[in-house]
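Inside the fold
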Amino acid sequence: MNIKLDEKIEKVKDMSIDELCKKFNCKPEEICVGDYIAKHTNDTVCPYKVILGFANFEGSNVKSLGDLEVVYGKKLIDKNSPIKTIHHNPIYLGITIKNSKIRSLGNLKKVYGSIDLNQNIKSLGNLKFLGSNLYLVNSNVEDLGEVEIIDGILNLEDDVTICKLTSLGKAISKQKVSVKLNGKTLSTIKNECDVTQCVT
């Protein structure tokens, strides 16, 4: 994730509850201001529309993401960390649904960090923006749904395994990458847009 996008995310996280409710047109109880660890609850449906931290559904009883639309994620490494990343960009942990009962991404539209899928997910559905790399090796994802922007690398194949994706749809990647799909190298794709405009 680039630094400008990181700064915009931090500004959203600094908003008051009233400001957030107005921004997302929701009630205070529909906003999780920190991390949501579903297995520590009795929830069977995610009760939030917005999660400002990391969303972890692993090992939980949650079967549906409900009205969840946006996950901002949790910053793991920032520009001041002694652990440096490529170009010193921050890394965000977004949402994990591996080892969960969830079978669909539902209304989820934006994840400003990583996404860790389970074997039940065959489409990314309504998801439009992903603020991290997308790894689909060993997944059952067959289509990218409505994904428009991946702010990272789209990884579809390793030396042994090929993913089940049959089309890139309208997805584009921020970084210039050569994408391998079903044994063939596809045209290089690159996103020329300003990803900071994707923060809502």
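Conventions and cut-offs
Residues numbered from 1 in each chain as written. Predicted model: local features only at pLDDT ≥ 70, side-chain atom pairs only at ≥ 80, totals over all residues. Heavy atoms only, no water. Pairing = 2+ DSSP bridges. Helix = DSSP H or I, 4+ residues; strand = E, 2+ residues; numbered from the N terminus. Core = buried A, V, L, I, M, F, W, Y, C linked by side-chain atoms within 4.5 Å. Buried < 20%, exposed > 50% of the residue type's maximum accessible area, 1.4 Å probe, protein only. Contact = heavy atoms within 4.5 Å. Polar contact = N/O pair within 3.5 Å; in protein donor to acceptor, adjacent residues only side chain to side chain. Salt bridge = Lys/Arg side-chain N within 4 Å of Asp/Glu carboxyl O.

1. A word on the sheet that holds strand E2 (residues 36–37)
- The four strands lie next to each other as E2-E4-E8-E10, forming an open sheet whose pairing is parallel. Lying at the two open borders of the sheet, with one neighbouring strand each, are E2 and strand E10 (115–116).
- The sheet contact formed by strand E8 (residues 95–96) and E10 spans two bridges and is parallel. The residue bridging Thr-96 from the neighbouring strand is Asp-116, located in E10.

2. A look at the nonpolar core
- Of all hydrophobic cores here, the largest spans 35 residues; its most connected members are Phe-57, Ile-95 and Leu-124.
- Residues in contact with Ile-95, not counting those within four places in the same chain, are Phe-54, Ala-55, Phe-57, Leu-68, Val-71, Leu-108, Val-111, Ser-114, Ile-115 and Asp-116.
- One finds Ile-9, Leu-20, Cys-21 and Leu-52 within the second-largest nonpolar core, a separate group that totals 16 residues.

3. Brief notes about unusual backbone geometry
- Residues other than glycine seldom take positive phi values, yet Asn-25 does so here, at roughly 55°.
- One can find Asn-25 in the loop between helix H2 (17–24) and strand E1 (31–32).
- Classification of Asn-25 as exposed rests on a relative accessible area of 65%.
- Of note, Asn-99 is a non-glycine position whose phi angle comes to about 55°, a positive value.
- Position of Asn-99 among the secondary structure elements: in the loop between E8 and strand E9 (110–111).
- For Asn-99, a relative accessible area of 56% puts it in the exposed group.

4. Structural notes on the side chain of Ser-60
- As for its position among the elements, Ser-60 is in the loop between strand E4 (55–56) and strand E5 (70–71).
- Side-chain polar atoms of Ser-60 contact the backbone oxygen of Phe-57, separated by 2.9 Å.
- Dropping the residues within four chain positions of it, Ser-60 is found in contact with Ala-38, Lys-39 and Lys-101.

5. Quick notes on the environment of Lys-74
- Within the secondary structure, Lys-74 sits in strand E6 (residues 74–77).
- Each C-alpha atom of the pair Lys-74 and Gly-34 lies 8.5 Å from the other, and the pair is 40 residues apart in sequence.
- In this structure, Lys-74 is in contact with Lys-13, Asp-35, Gly-53, Phe-54, Ile-91, Tyr-92 and Leu-93, ignoring residues within four places of it in sequence.
- A distance of 3.4 Å separates the side chain of Lys-74 from the side chain of Asp-35, its partner in a polar contact.

6. Some thoughts on the pattern of salt bridges
- Inspection of the entire model under this criterion finds six salt bridges.
- A salt bridge links Lys-75 to Asp-6, with the shortest nitrogen-to-oxygen separation between them at 3.3 Å. Of the two residues, Lys-75 is situated in strand E6 and Asp-6 in helix H1 (residues 3–13); the sequence distance between them amounts to 69 residues.
- Classification of Lys-75 as partly exposed rests on a relative accessible area of 27%.
- The salt bridge involving Lys-75 is made with Glu-10; its shortest N-O contact spans 4.0 Å. Taken as a pair, Lys-75 in strand E6 and Glu-10 in helix H1 lie far apart in primary sequence, 65 residues in all.
- In the salt-bridge network here, residues are joined through shared partners; they are Asp-6, Glu-10 and Lys-75.

7. Remarks on the environment of Glu-29
- Within the secondary structure layout, Glu-29 lies in the loop between H2 and E1.
- Sequence-wise, Glu-29 and Tyr-48 are 19 residues apart; in three dimensions their C-alpha atoms are separated by 7.3 Å.
- If sequence neighbours within four positions are ignored, Glu-29 has contacts with Pro-47 and Tyr-48.

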